[in-house]
Amino acid sequence: MAEAQPHILMCPPVFYAIEYEINPWMNRQRQADHDLAVRQWNGLFAALSDAGAKISLLTPVRGLPDLVFTANAGMIFRRTAVLSRFRFEQRQGEEAHDARWFSDHGFEIVPPPPETFFEGAGDALFCGEDLFAGYRMRSDARGHQEIGRRLGVRVIPLELVDAYYYHLDTCFCPLAPGAAMYFPPAFDEYGRTALRELIPELIPVEAEEAEAFACNAVLVGRTVVTNTGCPRLHAALAERGYQPIETPLSEFVKAGGSAKCLTLRLDGEEAAAWRTADED
Ligand code: ARG
């Protein structure tokens, strides 16, 4: 079976700005340079399409500056989109807009479990058969378990302990079934042990590069796209046969996001076993 073209959802940064502070990276006194943000977003778009991805666009909405971070729109499993329920009111206006996009594009919609917060692929990433799920800062552990039952997959809960690494995709990035990179101090001992036991090839990222959002990478085939400032990670990836690419994303780091946060894989992450498995 021929591999389908990787498919990614992005949202142009027309209304992007630092309008509120809901994570420690954000500071309204440290505004994003709008023109530079647009250029950086275009650079990411170009890097991903050059790597072979097809990119669909979500329409930007005035007053929803973080809508650019499409990783949080929901979590995709086959043709199902599990919708998000944002912890902070400032982002809750995104929910209906995201839901409409998924239903207009043929996804089966699954609402997040009642009375739980869930921030989509920002906090729930497949590595092989398992769904690795970050909780405490944004998403709730109980919700992850219910989503796992609903989809019929095992959930590995990972408590996030550092407020700077408030979404799982800021400190963990699956590369292939059995391979991932991570920033160890973002997890507790239990989480680190679970990761080491379940993922044989685990690449640690150093603090300085984690701060440059090294773990917030987008994988398209063997190409790994990150923000600038992650040379040691890039060397480790190149050694393992990946093709690392850097593209500057400083204006999005000001909101606590980078490459991966600005994208949502619509056909499943590269590392998800279900993506390449025979579907029937
Ligand atoms: N300002 C956004 C927030 O705090 C950034 C979201 C980044 N997205 C991500 N998947 N890590 O919610």
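For the structure, see preceding data.
Quantities reported herein were computed from a predicted structural model and do not represent experimental measurements.

J.: How should I be thinking about the overall build of the protein in this particular structure?
T.: Helices and strands together make up the secondary structure of the protein, namely nine helices and 15 strands. Rg of the C-alpha trace for the protein: 17 Å, near the compact-globule value of 19 Å for 280 residues, within the 12% margin. Taken over the C-alpha atoms alone, the protein extends approximately 45 × 40 × 40 Å along its principal axes. Residue burial in the protein is summarised as follows: out of 280 residues, 59% are buried. Look at the contacts in the protein between residues 6 or more apart in sequence, and 68% of them connect residues 24 or more apart.

J.: Explain the pairing of strand 14 (residues 243–246) here, please?
T.: When a strand is regular, its side chains alternate between the sheet's two faces. When strand 13 (residues 223–226) meets strand 14, the two strands line up parallel, connected through four bridges. The residue of strand 14 that forms the bridge with T223 is Q243. Where the polypeptide runs from strand 13 across helix 7 (residues 231–239) and back to strand 14, its parallel neighbour, the crossover connection is right-handed.

J.: Can you walk me through the environment of L83 in this structure?
T.: Position of L83 among the secondary structure elements: in strand 4 (residues 80–83). Take L83: its relative accessible area is 12%, and that puts it in the buried class. Here the alpha-carbon distance between L83 and P177, two residues 94 residues apart in the chain, equals 25 Å. Dropping the residues within four chain positions of it, L83 is found in contact with A73, G74, A99, F102, I109, V110, P111, P112 and F118.

J.: Looking at this structure, how should I read the site of the ligand?
T.: Inspection of the region around the ligand gives 17 residues, with N23, D66, R91, R138 and D169 positioned closest. Contacts to the ligand include R138, whose side-chain N or O atom sits 2.8 Å from an oxygen atom. Within the backbone of A255, one N or O atom sits 2.9 Å away from a nitrogen atom of the ligand.

J.: Even after reading the chapter, I still don't get the side chain of D267, so can you show me in this structure?
T.: Relative to the helices and strands, D267 resides in the loop between strand 15 (264–265) and helix 9 (273–276). Leaving out residues up to four positions away in the same chain, D267 has contacts with Q5, P6, H7, W274 and R275.

J.: Where do I start with the environment of R265 in this structure?
T.: Structurally, R265 can be placed in strand 15. C-alpha separation for the pair R265 and L9, spaced 256 residues apart in sequence, amounts to 6.4 Å. Not counting chain neighbours up to four residues away, the residues in contact with R265 comprise P6, H7, I8, I76, L219, V220, E270 and R275. Engagement of the side chain of R265 in a polar contact is seen with the side chain of D267, the distance being 2.6 Å. A distance of 3.3 Å separates a polar atom in the side chain of R265 from the backbone oxygen of G268.

J.: It is not clear to me how unusual backbone geometry should be interpreted in this structure. Could you clarify?
T.: Most peptide bonds take the trans form, and the phi angle of most residues other than glycine is negative. Within the chain, R136 stands out as a residue other than glycine whose phi angle is a positive 100 degrees. Inspection of the secondary structure assignment puts R136 in the loop between strand 7 (130–135) and helix 4 (141–151). A positive phi angle, near 65 degrees, is found at F213, a position not held by glycine. Along the chain, F213 falls in the loop between helix 6 (207–210) and strand 12 (218–220).

J.: Is there a simple way to think about the sheet that holds strand 8 (residues 155–159) in this case?
T.: The strands that make up a sheet pair up through hydrogen bonds in the backbone, lying either parallel or antiparallel. The three strands lie next to each other as 6-7-8, forming an open sheet whose pairing is mixed. If you trace the sheet from one side to the other, it starts and ends with strand 6 (124–127) and strand 8, each paired once. Across the sheet, the mean angle from the axis of one strand to that of its neighbour is 25 degrees, orientation sign disregarded. Packing against the sheet, helix 5 (residues 189–198) makes contact with strand 7 and strand 8, and its axis sits at approximately 140 degrees to strand 8.

J.: For this particular structure, what's the right way to read helix 4?
T.: Within the sequence span of helix 4, burial applies to G143, H144, I147, G148 and L151. Seen along its axis, helix 4 keeps its buried residues to an arc of 140 degrees; they face one direction. Of the residues in helix 4, the exposed ones pointing more than 90 degrees away from the buried face are R149 and R150. Elements that come into contact with the buried residues of helix 4 comprise strand 3 (74–77), strand 4, strand 7 and strand 8.

Criteria and cut-off values
- Residues numbered from 1 in each chain as written.
- Predicted model: local features only at pLDDT ≥ 70, side-chain atom pairs only at ≥ 80, totals over all residues.
- Heavy atoms only, no water.
- Helix = DSSP H or I, 4+ residues; strand = E, 2+ residues; numbered from the N terminus.
- Rg over C-alpha atoms; globule rule 2.2 N^0.38 Å.
- Buried < 20%, exposed > 50% of the residue type's maximum accessible area, 1.4 Å probe, protein only.
- Contact = heavy atoms within 4.5 Å.
- Pairing = 2+ DSSP bridges.
- Right-handed = clockwise from strand over helix to strand, strands pointing away.
- Near = heavy atom within 4 Å.
- Polar contact = N/O pair within 3.5 Å; in protein donor to acceptor, adjacent residues only side chain to side chain.
- Axes fitted to C-alpha atoms, helices over the stretch in contact; angles between N-to-C directions.
- Arc of directions from axis to C-beta.

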